[in-house]
Amino acid sequence: MDELYVICRTDEIEDAEATGFVLMRAEASGDAAPYPILITRKGNNFYGFENACPHEGERLDVNPGHFMDEEGNFLECGRHHAQFDIDTGHCFIGPCQGQRLTPIKLVVDEGDVCLTGVLLAEE
Ligand code: FES
C-alpha cells in the first residue's frame, strides 16, 4: 500500500477556497525536488492538484497564496488568467481551455488531509 503523508488538518482548508503547499518529492535519481500542490474544498470533499498550470507550467499563485478569481468561485492562474473548476481542475476558459490540472490522490484520515500515490523525500 502507498504511504500516506499528512499534509494538514481538514479545518485548515476553508470551504470553497484553495491552499497551497510546497512539498519535496523524491526523484528517480535520488535527488529531492520541490513539489508544489494545492488543495481545495467543497463542503466535506477535498481535491488536490499539482500547482502547475497546464498552459505554461507556472504555479497558479503567481502572487503567493492567491489561487482564486476575483469573485472567489474558481481557481485562476495569475499569469494569463486561465480559470479552473475547484473540484475537477477542468479549465473552462483561458489559453489551456479544455485541459485540466493534474490531480493528486488525497485521503482524509481522522481529520487529516493526507497525500498518497507519490514518494516524498525524507525531511
Ligand atoms: S501559464 Fe497559466 S494561463 Fe498561462
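Rules and cut-offs
- Residues numbered from 1 in each chain as written.
- Predicted model: local features only at pLDDT ≥ 70, side-chain atom pairs only at ≥ 80, totals over all residues.
- Heavy atoms only, no water.
- Patch = residues over 30% accessible without salt bridge, like charges linked within 9 Å, V, L, I, M, F, W, Y side chains within 5 Å.
- Areas by Shrake-Rupley, 256 points an atom, 1.4 Å probe, with all protein chains shown as cover.
- Salt bridge = Lys/Arg side-chain N within 4 Å of Asp/Glu carboxyl O.
- Lys, Arg positive; Asp, Glu negative; His and termini not counted.
- Charge placed at Lys NZ, Arg CZ, Asp CG, Glu CD.
- Helix = DSSP H or I, 4+ residues; strand = E, 2+ residues; numbered from the N terminus.
- Pairing = 2+ DSSP bridges.
- Axes fitted to C-alpha atoms, helices over the stretch in contact; angles between N-to-C directions.
- Buried < 20%, exposed > 50% of the residue type's maximum accessible area, 1.4 Å probe, protein only.
- Contact = heavy atoms within 4.5 Å.

Going by the annotation in an unreviewed UniProt entry, the name recorded for the chain is Rieske (2Fe-2S) protein, with Methylocystis hirsuta given as the source organism.

Caption draft 1: Main features of a negative patch on the surface. On the surface, a cluster of negative charge is contributed by D11, E12, E14, D15 and E17. Here D11 is to be found in the loop between β1 (5–9) and β2 (18–26).

Caption draft 2: The sheet that holds β2, seen in detail. One open sheet holds the six strands; their spatial order is β1-β9-β8-β4-β3-β2, and the pairing between them is antiparallel. Sheet topology places β1 and β2 at the edges, where each strand pairs with a single neighbour. Strand-to-strand, the axes of this sheet are offset by a mean angle of 35 degrees, without reference to chain direction. Here four bridges tie β1 to strand β9 (residues 112–116), and the two strands are oriented antiparallel to one another. Across the sheet, the residue bridging to C8 is V113, located in β9.

Caption draft 3: Highlighting the pattern of salt bridges. Overall, the coordinates contain five salt bridges when judged by the stated rule. Here D112 ties to R9 by a salt bridge, and the two come within 2.9 Å at their closest N and O atoms. A residue pair is termed long-range when its members are at least 10 positions apart, and D112 in strand β9 and R9 in strand β1 qualify at 103 residues. Taking the shortest distance from any N to any O, the salt bridge between R25 and E50 comes out at 4.0 Å. With R25 in strand β2 and E50 in strand β4 (residues 45–50), the pair connects residues that are 25 residues apart, well separated along the chain. Owing to a relative accessible area of 29%, R25 belongs among the partly exposed residues under this scheme. The exposure class assigned to E50 is partly exposed, which follows from its relative accessible area of 21%.

Caption draft 4: Expanded view of the environment of A16. Within the secondary structure, A16 is located in the loop between β1 and β2. Overall, A16 belongs to the partly exposed group, its relative accessible area being 31%. It is 7.8 Å that separates the C-alpha atoms of A16 and G72, two residues lying 56 residues apart in sequence. In contact with A16, not counting residues within four places along its chain, are R41, M68, G72 and I86.

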